[in-house]
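Structural description and commentary
Listed below are the residues making up each chain.
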Amino acid sequence: MVLSISRRTDIPAFYMDWFLNRQNEGYLLTRNPMNRKQVSRINFNDVSCYVFWTKDPRNLVKYFKEISKPFMVQITITPYLNDIEKSIKQKNEIINAVVELSKMIGTERLIWRYDPILFSDRYTIDYHLKYFEELCKRLEGCVTTCVISFLEIYKKINHIKSRFYEPTEMEKDSFAESLLRIADKYNITLKSCGSYEGIEKSSCIDGSILKHLGITGYRKDKNQREHCNCIESVDVGSYNTCLHHCIYCYANYNHDKAYDFYKSFDQGSEILDTPIIGDEIIKEKVVKPNFQVSMFD
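This section reports on the structure supplied with the text. (Residues numbered from 1 in each chain as written. Predicted model: local features only at pLDDT ≥ 70, side-chain atom pairs only at ≥ 80, totals over all residues. Heavy atoms only, no water.)

Mapped onto the fold, Thr 107 is located in the loop between α4 (91–105) and β6 (110–117). Sequence separation between Thr 107 and Val 143 is 36 residues; the distance between their C-alpha atoms is 4.9 Å. Discounting chain neighbours no more than four positions away, the residues touching Thr 107 are Ser 102, Gly 141, Cys 142, Val 143 and Thr 144. (Helix = DSSP H or I, 4+ residues; strand = E, 2+ residues; numbered from the N terminus. Contact = heavy atoms within 4.5 Å.)

Right, dumping it as structure tokens:
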């Protein structure tokens, strides 16, 4: 199976010790976020590779030699200040870590995410074009792919809607074309997590990338959006556990809860969630040759 680490929280930034502890123990537990009592037991012997998602890859550099499976990395770097991304570390330090990580794993497995794109009185089109180009200059030769998407106002973050300007589809297409021209100057392929005129659609968990690692046979993830082409994976994170405090994040909308969780979390726990209390149904994840079957199908 492919482990997603994680769409729900930044494990490399805040829970890398936990993850490496679980890797060393040979298994971890992960809870169905829609049903507290449904828990999967993941054996690392059944894991083909990792997909890390992070806004701060420094621990991936620090613990590179301890990561025991092939992996790819999705790294989000945006131009926002601490009114939007309240607790992100210095962007210069993050970029330097990307440069180091690129030297370790190469450019194909390192995907830069410039998302979500949001517009306001401060974060104008001109602002984005200026800083997107600055980031392209800094990352040239370290990444070869950049994935973009525009802000979606999910119900859980609807309270921030009034702070931002919502572009039309035509404006999105025009802006994406401007980013494409900039990216081309720095030998970076621009792709989209969504559908924008003239921009190639991406797959975040991309079967073609994993194929280079010898990972094949997985089907399209039916649990993602209809037009998402990601291959299936098992996510091992939990909502409201990330400390980056990005106001646009639908997965970590209760920042006080996230802080309280982190402060009391035992990095030796077998699950990145509230502790197991005994009334859960814990089942081994079923893995069959060439495809995966969800234990709750």
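Another point: the pairing of β6. Two faces make up the sheet, and in a regular strand the side chains alternate between them. When you tally the buried positions in β6, you get eight out of eight residues, the bulk of the element. In the sheet, strand β5 (residues 71–76) pairs with β6 via four bridges, with the strands oriented parallel. Along β6, the bridge assignment pairs Gln 74 with Ile 111. As a crossover connection, the stretch from β5 through α4 into β6 is right-handed. Alignment of β6 against strand β7 (residues 145–150), held across four bridges, turns out to be parallel. Bridge pairing in β7 places Trp 112 opposite Cys 146. (Buried < 20%, exposed > 50% of the residue type's maximum accessible area, 1.4 Å probe, protein only. Pairing = 2+ DSSP bridges. Right-handed = clockwise from strand over helix to strand, strands pointing away.)

Strand order in the open sheet made by the eight strands is β9-β8-β7-β6-β5-β4-β1-β10, with parallel pairing throughout. Two strands close off the open sheet at either side, each with one partner strand: β9 (200–201) and β10 (234–235). Where helix α2 (residues 16–25) meets the sheet, it contacts β1 (2–5) and β4 (49–54), and its direction lies at approximately 170° from that of β4. (Axes fitted to C-alpha atoms, helices over the stretch in contact; angles between N-to-C directions.)

Across a sheet, paired strands are connected by hydrogen bonds in the backbone, their directions being either parallel or antiparallel. Taken in spatial order, the three strands of this open sheet run β2-β3-β11, and their pairing is mixed. A single partner strand is all that each edge strand has here, and the edge strands are β2 (27–31) and β11 (281–284). Mean inter-strand twist for the sheet, computed between neighbouring axes without regard to direction, equals 25°. Bridge analysis of strand β3 (residues 38–43) against β11 gives four bridges, and the strand direction is parallel. Each bridged residue has a counterpart across the sheet, and for Arg 41 the counterpart in β11 is Glu 284.

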